[in-house]
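Tertiary structure, described
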Amino acid sequence: MSDNEKTPPDQLPDTPEKPAGAAPDAAPAGGDAPKSAPTDEEKAAKIAAAKAKAAAAKAAKEAAPEEPKQPWETKPVTPEHEDASADPDVAALAAAVDGSVLAADRFAGDVTVTVPADKIVDICRALKTGRGFKFLVDLTAIDWREREQGRFDVVYWMHRFDDSKRIRLLAALPAERSMASVTGVWRTANWLEREVYDMFGIHFEGHPALERILTWEGFNGHPLRKDFPVEGIDTGAAIYPDVYPPGGGPLRPEELEQPEPKADGKGES
Amino acid sequence: MTDPLIRYVVVPLAQTVVILLVLLGIVAYLTLAERKVLAWMQVRIGPNRVGPRGLLQPIADVFKLFAKEDLVPAKAERFVFLLAPILIFVPSFLVWAVIPFGETFTVAGVPVTSFIADINIAILFVLGVSSIAIYGIILGGWASNNKFSLMGGLRSAAQLVSYEVPLGFAVVSVLLMSGTLSLVGIVEAQRDAGIWFFIPGILGFGIYFICGVAETNRNPFDLPEAESELVGGFHTEYSGMKFAFFFLAEYMNMLVVSSLAVILFFGGWLPPFPNLLAGLWQSPLLSWIPPFIWYLIKVMIFIFVYIWFRGTFPRYRFDQLMAVGWKWLLPLSLANVLLVGIGVLVLKG
Amino acid sequence: MTDQRLPSLFDVEEMELSFGPQHPATHGVLRVQLKLDGEKIVDAKPIIGYLHRGTEKLFETMPFPQCIPHTDRMDYVAAATNNQGFCVAMEKLLGITIPPRAAYIRMMLAELQRLASHLVWLATHAIDIGAITPFFYTFRERDAILDLFEEYCGARLTLNTMKIGGVPFELPAGWTERCSALVDGFPAHIDEYEELLTNNRIWKKRTIGIGVVSPEDAIDWGLTGPPLRGSGVRWDIRKVFPYDRYDEIDFEIPIGKNGDTYDRYLVRMVEMRQSVRILRQCLDRLPAGPVIAKIPKVLRARDGMVYGSVEAPKGELGYFIVTTDKATEPYRCRVRPPSFVNLQLLPDMVRGHLVADLVAVIGTLDIVLGEIDR
């Protein structure tokens, strides 16, 4: 905006002391050459027009129903936990094996059944042959640190092809106890149990060849346990636990053994 | 300068030297040709950095192979390890003594033949000498003290031995038609008959070429050097100049098989329809083409077919390879001999 | 002299061969310990773990959105579907619905990724069996797909291309035209590959009857993906548990008859054609709208566990996420890698075959060691 536009040809440039009231036409949208001061009638007409417009818009808004917001435009609602004991498979399982269903939960569409660890093979067999869950989707464990029913939760979930139903089992397991292997029920469990053994240290009885799978033989430690540091442990501690502190992190510089200087003074290589 | 000295000593020596050098050059550039042609089939360009359009690549390869460290694995049987490449390389050069390229021409009044020797059992010589190479492969695979090499060597030996039999029978069908074992004689017989032998002997040609591809360990019969299974097969442990010998011998064998296919079935150095179109070939427009060029063109077509096979086919598994050789090619080649024999008997009265 | 029986001329010794971690044909660092009787395989034992990087442990230390780049690195050949799996599982956990435009973009990225992954599979499988030319043709197409990815998210291989709640970016100008051109030209290329291989005698001899898996065995061993479909079981997560609006798209699931290598090859070729079909429909129907849902800046979960799975090119890729109340990181995130479970079947598939078939079977299972070892 140049100054030329602000000053009309027949008026002197505004001085700062000029009272605001005397030049209302200098105020409107910048760049326009100010016209002669509007009359009161014109001002009133403008205000009335604006009010009418606002009233019309409000009326239109109230007349038309407000569009419902789409689910992705509103804040997401986390699903709730519901009890699933009434689920037919859960009920059938409870009937087939005594004391098998300790709790049943439905969350985000998944049914989770808490089962006792010592009856796991019977339960799995009942589900496979009785209810048709022929496909073991995955087998893993969770480390809950200190918990009264047992440190670990071993998780199984399986699938039925006919109606595409999935069900999940949670078996609480204290740290020193071992679990029965379900390789006799589904052969998929073979490597999955080996991985759980490797990562958590849970023994599976009856497994054909329970050895470490992702870490090497002789590795000392179970990486996915919560007390295993994320940085990893020194390879020495991994193999020689009596020499190195178990579960210790990487050796700090002051812990490094200083090598003996050689006799000819050449020092360490 | 006595005439016998020139004719029986100087000329053959000169021929030998020239043929050796030319062959080495051709084989070296054959490696480049394979890489370029294969590349064009595979939507790439191939070597184009060394020299204009990559033409100096074989020379660079030669320097590289000379300069590489010459390793002998620690537990390898040293003498046999060194002997094996020689056993493979020498026979493939030796057969060129009897292979003819063209007509006899004169140089400064001295007639120079396009072959080093024309013996009357030329085919037998070729088949016999090239079989020695099998020893090289077996010994190379065994002497490396490496399970992969051993397996590769054994596979290759079995393959070569099996495919020699139908190859021999296919050649026999040509002999029935030509009546002579001499390679020059076979080409002459094709000229006299007026047709190339692949027309009556089409089955024999097919069998011969397939067996030829198997004999040179080329795709689809290249299981002994299948990279994806045995890393390198029988030449896994070889490096430097010894590896170069294996490499050169393979390409030399390709040339031998192609040359024999041309001589036995495609009229050697004869132009197409040598008698029918004799007027055309003798005309001043085309009479300057030396017969050697015809031979070269035909051999190059076969080499192209070799490279084409490599770019197109997957490879046979070993037992399937043996089945093809023994269960299919051998009975077919015997039947072929029978048919050709009957045909010759009928046609020649 | 002891009275040990002296070895007779006909005693058979089995040769132990380590198809080592470094080998041209094992698609990564896989070691297979073989017991051979001549050329026949008596036993095969796959040994894995050479690429274990502790991804699952790392997930426990990072907030949810930060986990996504780590999922790329597992199946590095098909990164977009890894991302998609994690996002699908998280959206299930947090109750997020994604906008339709985001769903369609995700589907397009996933199907492009499926094409790219199957092209790599075809290239390496063919080259292992000896046909060296399809490799170059397939990589030419794959390069075009990776260029599309680069335009979209800046990376060719480790894409990090999806966010919890949608996708991070709007499609660049002209992307849909380029994608459309690629999709239109693709069936001709698939025909080119099929011409080289499908009716080739040698190819059929090398793949028919090799590595046969019956449907009951496939289910018992937990196979998923093309190996399961090649054995005749009609099962695809996109149809059964549709995620990301796959239920609005028309496509078919190819299944095989005999469960051998040739059938799995055919299944994957048809899958490529179906991916092209899905892409065409997505491009035609791409809706307007936002590309990401309205989600809080810091994602906090409640306590619970959820399992979300997607149909990755290799099989069913699942994420099992366990969270504690008000957590910003997963307490435990388990990845169900399809290649891990598929590879278990290797010894049974190759027993009695020859060494040359081992390579064909490893190729047909389409394993990626990054996913197996995590």
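Procedures and definitions
Residues numbered from 1 in each chain as written. Chains lettered and ligands numbered in written order. Predicted model: local features only at pLDDT ≥ 70, side-chain atom pairs only at ≥ 80, totals over all residues. Helix = DSSP H or I, 4+ residues; strand = E, 2+ residues; numbered from the N terminus. Buried ≥ 20, exposed ≤ 12 C-beta atoms within 10 Å, placed from the backbone. Contact = placed C-beta atoms within 7 Å. Pairing = 2+ DSSP bridges. Axes fitted to C-alpha atoms, helices over the stretch in contact; angles between N-to-C directions. pLDDT = per-residue confidence, 0-100. Nonpolar A, V, L, I, M, F, W, Y, C, P; charged D, E, K, R; others polar. Core = buried A, V, L, I, M, F, W, Y, C linked by C-beta atoms within 7 Å. Expected span 1.5 Å × (residues − 1). Parallel < 35°, antiparallel > 145°, perpendicular 65-115°, else oblique. Left-handed = near helix turned anticlockwise from the far one by under 90°. Arc of directions from axis to C-beta.

This next bit is on the overall build of chain C. Summing up its helical and strand segments, chain C has 15 helices and 6 strands in all. Expressed along its principal axes, the backbone C-alpha trace of chain C runs to roughly 85 × 50 × 35 Å. Taken across its 374 residues, chain C has 56% of its residues classed as buried. Intrachain contacts of chain C at a sequence separation of at least 6 include 71% that bridge at least 24 residues.

What follows concerns the overall build of chain B. Looking only at helices and strands, chain B features 12 helices and 2 strands. The order of α-helices and β-strands along chain B, N terminus first, is α-α-α-β-β-α-α-α-α-α-α-α-α-α. With respect to the principal axes defined by its C-alpha atoms, chain B has extents near 60 × 50 × 45 Å. Out of the 349 residues belonging to chain B, those deemed buried represent 44%. In chain B, the share of contacts with a sequence separation of at least 24, taken over all contacts with a separation of at least 6, comes to 78%.

Residues and elements named next belong to chain C. Read from one edge of the open sheet, 3 strands run S4-S5-S6, paired in antiparallel fashion. With partners counted over all chains shown, the strands left at the sheet margins are strand S4 (304–312) and strand S6 (332–336), one partner each. Averaged over all pairs of adjacent strands, the angle between their axes in this sheet comes to 15°, without regard to strand direction. Two strands pair when backbone bridges link them, and strand S5 (residues 315–323) and S6 are joined in this way by 5 bridges, in the antiparallel orientation. Residue pairing across strands places Tyr-319 opposite Val-335, the latter belonging to S6.

A few words now on the confidence of the model for chain C. All names here are of chain C. With 95% of its residues at a pLDDT of 70 or more, chain C shows a mean pLDDT of 87. Helix H11 (residues 261–285) holds the highest mean pLDDT among the elements of chain C, 92, whereas strand S1 (residues 15–19) holds the lowest, 77. Here the predicted complex carries an ipTM of 0.85, next to a pTM of 0.82.

Attention now moves to the interface of chain B and chain C. Listed per partner, the contact involves 22 residues of chain B and 26 residues of chain C. Secondary structure elements with two or more residues in the side of chain B that touches chain C: helix H8 (227–230), helix H11 (291–312) and helix H12 (318–347) of chain B. In terms of residue class, the side of chain B that touches chain C is built from 9 nonpolar, 6 polar and 7 charged.

Let us look at unusual backbone geometry. Going from Asn-219 of chain B to Pro-220 of chain B, the amide bond is cis rather than trans, its omega being 0°. Here Pro-220 of chain B shows up in the loop between helix H7 (202–215) and H8. Within the chain, Ser-164 of chain A stands out as a residue other than glycine whose phi angle is a positive 55°. In this structure Ser-164 of chain A comes out as exposed when scored by C-beta crowding, with 12 C-beta atoms within 10 Å. The phi angle at Arg-245 of chain C is positive, at roughly 65°, despite the residue not being glycine. Along the polypeptide, Arg-245 of chain C turns up in the loop between helix H10 (237–240) and H11.

It is worth spelling out the nonpolar core at this point. By size, the foremost hydrophobic cluster in this structure holds 253 residues, and its most contacted members are Ile-202 of chain A, Tyr-208, Ala-261 and Phe-265 of chain B together with Ile-321 and Leu-358 of chain C. It is helix H4 (residues 100–129) of chain C that provides the largest number of residues to this core, a total of 19 residues. If we ignore the near neighbours within four places in the chain, the residues touching Ala-261 of chain B are Tyr-208, Phe-209, Gly-212, Phe-266 and Phe-302 of chain B.

Every contact between the two is made by 43 residues of chain C and, on the other side, 36 residues of chain A. Contributions of two or more residues to the side of chain C that touches chain A are made by helix H1 (55–59), helix H3 (79–94), helix H8 (215–221), S4, S5, S6 and helix H12 (338–343) of chain C. The element best represented in the side of chain C that touches chain A is S4 of chain C, accounting for 4 residues. Tallied by class, residues from the side of chain C that touches chain A come to 23 nonpolar, 10 polar and 10 charged.

Our next topic: the sheet that holds strand S1 (residues 81–83) of chain A. Residues and elements named next belong to chain A. The strand order across the open sheet built from 6 strands is S1-S2-S3-S6-S5-S4, with neighbouring strands paired in mixed fashion. Both outer strands of the open sheet, S1 and strand S4 (135–143), are each paired with one neighbouring strand and no more. Sheet twist, expressed as the average angle between the axes of neighbouring strands with direction ignored, equals 25°. With 4 bridges joining them, strand S3 (residues 110–115) and strand S6 (residues 165–173) adopt parallel strand pairing. Its bridge partner lying in S6, Val-115 is registered against Ala-171. Packing of helix H3 (residues 88–96) onto the sheet brings it into contact with strand S2 (103–107), S3 and S6, and relative to S3 it is tilted by some 15°. Against the sheet, helix H4 (residues 120–131) makes contact with S3, strand S5 (152–160) and S6, and its axis sits at roughly 10° relative to S5, the strand it touches most.

Quick look at H3 of chain C now. Residues that lie three or four places apart on an α-helix share one face, since the helix turns once every 3.6 residues. Over its 16 residues, H3 of chain C extends 23 Å from the first C-alpha to the last, a length consistent with the 22 Å expected when each residue adds 1.5 Å. Phi turns positive, to about 75°, at Gly-95 of chain C, one or two residues after H3 of chain C.

Residues and elements named next belong to chain B. Within the element layout of this structure, Pro-291 appears in helix H11. Judged by local crowding, Pro-291 falls into the buried class, with 21 C-beta atoms found within 10 Å. Separated by 190 residues in sequence, Pro-291 and Phe-101 place their C-alpha atoms 7.8 Å apart.

So, on to the packing of helix H6 (residues 175–197) of chain C against H11 of chain C. Helix-helix packing: each pair is described by the crossing angle between the helix axes and the interaxial distance. Residues and elements named next belong to chain C. Where H6 contacts H11, the two axes come as close as 10 Å, and the packing angle between them is 160°. Between H6 and H11, the angle is such that the two are roughly antiparallel. For the pair H6 and H11, the crossing hand works out as left-handed. Of H11, the residues touching H6 (which contributes Thr-176, Cys-179, Ser-180, Val-183, Phe-186, Pro-187, Ile-190 and Glu-194) are Met-269, Met-272, Arg-273, Val-276, Leu-279, Arg-280 and Leu-283.

Glancing now at the confidence of the model for chain B. Per-residue confidence for chain B gives a mean pLDDT of 84, with 96% of residues at or over 70. The secondary structure element of chain B with the lowest average pLDDT is H8 of chain B, at 52, and the one with the highest is H7 of chain B, at 91.

Bringing the environment of Arg-73 of chain C into the picture now. Residue and element names in this part refer to chain C. With respect to the secondary-structure elements, Arg-73 resides in the loop between helix H2 (64–72) and H3. Arg-73 sits 298 residues away from Glu-371 along the chain, and the two C-alpha atoms are 8.0 Å apart. Ignoring sequence-local partners within four residues, the contact set of Arg-73 consists of Thr-158 and Gly-370.

So, on to H3 of chain A. Residues and elements named next belong to chain A. Turning to H3, its buried residues number three or more, namely Asp-89, Val-90 and Leu-93. One face of H3 carries all of its buried residues, which in axial projection span an arc of 100°. Every exposed residue of H3 that faces more than 90 degrees away from the buried side is listed here: Pro-88 and Ala-95. Looking at the packing, one finds that the buried side of H3 touches S2, S3, H4 and S6.

Residue and element names in this part refer to chain A. Burial analysis of S5 places 8 of its 9 residues in the buried class, which makes it a mostly covered element. Pairing analysis gives 8 bridges linking S4 to S5, with the strands arranged antiparallel. Bridge pairing in S5 places Phe-135 opposite His-159. Two strands pair when backbone bridges link them, and S5 and S6 are joined in this way by 9 bridges, in the antiparallel orientation. Looking at S6, one finds that Tyr-156 is bridged to Leu-169. In textbook terms, the turn of a hairpin is the stretch between consecutive antiparallel strands, and for S5 and S6 this stretch comprises 4 residues, one of which, Ser-164, has a positive phi near 55°.

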